[in-house]
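Structural characterization, general
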Amino acid sequence: MGPGPTVRKKPIIGLLQAAGVVVLMLLAFIYSRPPGVPDEASAAKDLAAAPGKSAPLVSVVRPSALPGQLAVTSTGSVAVRSYVTLTPQVSGRVVATSPALRSGGSFAAGETLVTLDQRDFILALAQVQADVTSAQASLQLSQAEASAAIANYQMLSPGKKTPPLVAKAPQIAQAKAQLQAAIARRDIQQVNLERSVFSLPFSGLVVESSADEGQMLSTGQSFGRVYALDAVEIVITLAPEELAKIAPAEGRVAMITADGLNFEGRIARVAAERDPRTRFSKVYLTASNSESLTPGTFVSVKLNGPAIENTFKLPESALQVGQSFWIVKDGAITGVDAIILGRSNGHYLVEAFDYGDGIVTGAVPGARDGLPIRLAETD
């Protein structure tokens, strides 16, 4: 018998396998979709049926336009404008010193700090006073002789002008000059006697002193260093933009904290040039209780700028990405690029603007211009 007919089974099996793969892919697609997620048609239908329930819920604030202030804070330290070196103007031995003439001691204006031995100065003053008396007598004698000589000349030559030599004019001029020189020497010795008692024309504190009884002080020899109470000041540094917030700076009132104590100060001046490295400016303040401040003390300073009319004080949560704000109008949000004047105490100070139904606080999911929202009635 010859071979029978050939049965083609392989194509049929391949078709069945391909169909099975397609079915499995369809089933995988169907079951991979999250449960409860409607298709686009169903979502559009639900949105049309209940739009209020699908819109994001947002909170808003409705601020009032009021005057505002920008605050600037900084840190610095207590400094002394200038120190005074204690230097005698006359030489002598110390016979007495004030108890205040010690490191940390305080003294009043005109208080005697050091007294030198005055005996030499008293004797020198007595000597020049005698010279003054002698010069006065010489002048009187010359003037008397001149009067007599003029009278004799007039008797011998009536009606004629008396010559200067006869009137002893040169002798009188010389006697007057000698008297003036003697008076000047007396005044110098009087000043030296006064300088033997050392004092200062201001109230201050002693930084250091080496003067003590028995010590010999020489003219120009330093024996200590002090500073005046009104020379104490506070120095802080501010950036240019910070200075702009409190302009004009001079005279601006400041609240100062030092060693846990709060007190008031005032800006006295701003440095004429900026620091070449930081580009900041030094600001110098005077304090109401400078006498109680110790140089080198760390301080913190708060400065309030001038009042600005028509501003909003907005929380930080109101500022959105891109330094803008969302406002609500007709049930939807709209972006506004308001003018931010500055940040102070955790709030933004913004120029007042029309905010419709409110200014949105916090992030809005999927935010865009015209996005419908629901309002949470809280201010």
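Being a predicted model, the structure only gives us computed values, none of them experimental.

The sheet built from four strands is open, its strands ordered β4-β11-β9-β6 with antiparallel pairing. Either end of the sheet is taken by a strand with one partner, and the two such strands are β4 (84–86) and β6 (106–107). Inspection of the sheet shows β6 paired to strand β9 (residues 204–209) by two bridges, in the antiparallel sense. Counted as the bridge partner of Ser106 is Leu205 from β9.

Averaged over all residues, the pLDDT of the protein chain equals 87, while 86% of them reach at least 70. The low-confidence segment residues 1–9, where pLDDT is below 50, has zero contacts with residues more than four positions distant or belonging to other chains. In the model, residues 34–52 has pLDDT below 50 throughout and makes six contacts with residues more than four positions away in sequence or in other chains.

The next point concerns the nonpolar core. Generally speaking, a soluble globular protein has its nonpolar side chains buried in company with each other. Counting 47 residues, the largest nonpolar core has Val114, Ile234, Leu285, Val301 and Leu303 as the members making the most contacts within it. The biggest single contributor to this core is strand β12 (residues 232–238), with four residues. Sequence-distant contacts of Val114, that is, excluding residues within four places in its chain, are made with Val94, Ala96, Thr97, Leu101, Ser196, Val197, Phe198, Ala211, Leu217 and Phe223. Val61, Leu314, Ile327 and Ile359 belong to the second largest nonpolar core, which has 14 residues in total.

Working note: regular strand, side chains alternate between the two faces of the sheet. Two elements, strand β17 (residues 308–315) and strand β21 (residues 347–351), share five bridges in a ladder whose sense is antiparallel. What sits directly across from Thr311, in β21, is Glu351. For strand β20 (residues 340–344) and β21, the ladder comprises four bridges, and the chain directions are antiparallel. Paired with Gly342 across the two strands is Leu349, which belongs to β21. Here β20 folds back onto β21 in antiparallel fashion, the turn holding two residues, of which Asn345 has a positive phi close to 55°.

Conventions we followed
- Residues numbered from 1 in each chain as written.
- Predicted model: local features only at pLDDT ≥ 70, side-chain atom pairs only at ≥ 80, totals over all residues.
- Heavy atoms only, no water.
- Pairing = 2+ DSSP bridges.
- Helix = DSSP H or I, 4+ residues; strand = E, 2+ residues; numbered from the N terminus.
- pLDDT = per-residue confidence, 0-100.
- Contact = heavy atoms within 4.5 Å.
- Core = buried A, V, L, I, M, F, W, Y, C linked by side-chain atoms within 4.5 Å.
- Buried < 20%, exposed > 50% of the residue type's maximum accessible area, 1.4 Å probe, protein only.

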